[in-house]
Amino acid sequence: PSGVYAKMPAGEREKLVAQTGQQLALSAVQGLIQNGAPELAKRQLVEGKWDSYLDADKKSALIDGADTATRIKEGAAERQRQTAEREKRDRQIEEMDKIGKRIFDPKNAPGGAITEKEIVNNSVLAWPEKKRMADQLSERAKELARGAEGRRNPAATEAVMKVLIEADRDPGKTPSMD
């Protein structure tokens, strides 16, 4: 060999090979941690895959980094799950508001009067909400059949809707994911 490394003393060459191996191993593990696979990086470190390249201090620091990255990743996933759940709940509340308007004021509500079949086939609401809205539809029909005021009563409608919406926004209430 006639390259630069051929003229280097054997002891320095071995030292350079070890240092290069250590840097490559360090970069490989850091790459796993930073690119979304901290669990894999930690597993490889714990199983000893990189032991011949990394000293105990670097290995410990990388395990700590992998643990931190895992917690960050899990936190982001939890925030995303909560956001999706909150958005779903907001869509359900909005849908319940529309259905409530169609139950209590069908003449002025977009879509007019609603049927029980429409409530049951609603793809936004969960079953408990569907049941509650169907029960309200049934109660309203009974009121009208008994000769209750059939024309619009804005104050009563608004009061009922506020109670329903506030009950769904209660932070102490556990929303159903059904």
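Summary of the structure given here. Being a predicted model, the structure only gives us computed values, none of them experimental.

**Notes on the overall build of the chain**
On a plain count of helices and strands, the chain comes out with 6 helices and 0 strands. Secondary structure of the chain in N-to-C order comes out as α-α-α-α-α-α. Relative to a compact globule of 178 residues, whose C-alpha radius of gyration would be 16 Å, the chain shows 32 Å and is clearly more extended. Its C-alpha atoms give the chain principal-axis dimensions of roughly 105 × 35 × 25 Å. By the burial criterion, 28% of the 178 residues in the chain qualify as buried. Nonlocal contacts in the chain, meaning residues at least 24 apart in sequence, comprise 58% of its contacts between residues at least 6 apart. On the chain, roughly 12,100 Å² of surface is accessible, and the fraction owed to carbon and sulfur atoms is 54%.

**Some thoughts on the environment of K88**
Mapped onto the elements, K88 comes out in helix α3 (residues 56-104). For K88, a relative accessible area of 23% gives the class partly exposed. For K88 and L125, which are 37 residues apart along the polypeptide, the C-alpha to C-alpha distance reads 9.1 Å.

**Some remarks on α3**
A rise of 1.5 Å per residue sets the reference length of α3, with its 49 residues, at 72 Å; its end C-alpha atoms lie 71 Å apart and thus fit the reference within 8%. Two to three positions downstream of the cap, the backbone nitrogen of D57 sits 3.2 Å from a side-chain oxygen, assigning the N-cap of α3 to D55.

**Section: the packing of helix α1 (residues 10-34) against helix α2 (residues 38-47)**
In a pair of packed helices, the angle between the axes and the distance between the axes together describe the arrangement. The contact between α1 and α2 brings their axes to 6 Å, and the two run at 145 degrees. On the side of α1, the interface is formed by V29, L32 and I33, while α2 contributes P38, L40, A41, Q44 and L45. Here the contact of α1 with α2 is composed, by residue class, of 7 nonpolar, 1 polar and no charged.

**Some remarks on the pattern of salt bridges**
This model, assessed by the stated rule, comprises 12 salt bridges. Here K42 and D67 are joined by a salt bridge, their closest N and O atoms 2.8 Å apart. Of this pair, K42 sits in helix α2 while D67 sits in helix α3, and the two are 25 residues apart along the sequence. Using a relative accessible area of 32% as the deciding quantity, one classes K42 as partly exposed. Taking the shortest distance from any N to any O, the salt bridge between R81 and E85 comes out at 2.6 Å. Here E85 and R81 lie together in helix α3, a separation of 4 residues that amounts to about one turn. The partly exposed category is assigned to R81, whose relative accessible area is 41%.

**Brief notes about the packing of α2 against α3**
One way to put it is that α2 packs onto α3 with a least axis distance of 8 Å and a crossing angle of 155 degrees. Between α2 and α3, the interaxial angle falls into the category roughly antiparallel. Note that α2 runs across α3; the crossing there is left-handed. Residue-level contacts link P38, E39, K42, L45 and V46 of α2 to K59, L62, I63, A66, D67, A69, T70 and K73 of α3. Of the residues contributing to the contact of α2 with α3, the split by class is 7 nonpolar, 1 polar and 5 charged.

**Some details on the nonpolar core**
Formed by A25, L26, V29, I33, A41, L45, W50, L54, L62, I63, A66 and A69, the largest nonpolar core amounts to 12 residues. Of all the secondary structure elements, the ones that give two or more residues to this core are α1, α2 and α3. The contact partners of I33, leaving out residues within four places of it in the chain, are P38, A41, L62, G65, A66 and A69. Ranked by size, the runner-up nonpolar core spans 10 residues in total, among them M96, I114, I119 and M133.

What counts, and at which threshold
- Residues numbered from 1 in each chain as written.
- Predicted model: local features only at pLDDT ≥ 70, side-chain atom pairs only at ≥ 80, totals over all residues.
- Heavy atoms only, no water.
- Helix = DSSP H or I, 4+ residues; strand = E, 2+ residues; numbered from the N terminus.
- Rg over C-alpha atoms; globule rule 2.2 N^0.38 Å.
- Buried < 20%, exposed > 50% of the residue type's maximum accessible area, 1.4 Å probe, protein only.
- Contact = heavy atoms within 4.5 Å.
- Areas by Shrake-Rupley, 256 points an atom, 1.4 Å probe, with all protein chains shown as cover.
- Expected span 1.5 Å × (residues − 1).
- Polar contact = N/O pair within 3.5 Å; in protein donor to acceptor, adjacent residues only side chain to side chain.
- Axes fitted to C-alpha atoms, helices over the stretch in contact; angles between N-to-C directions.
- Nonpolar A, V, L, I, M, F, W, Y, C, P; charged D, E, K, R; others polar.
- Salt bridge = Lys/Arg side-chain N within 4 Å of Asp/Glu carboxyl O.
- Parallel < 35°, antiparallel > 145°, perpendicular 65-115°, else oblique.
- Left-handed = near helix turned anticlockwise from the far one by under 90°.
- Core = buried A, V, L, I, M, F, W, Y, C linked by side-chain atoms within 4.5 Å.

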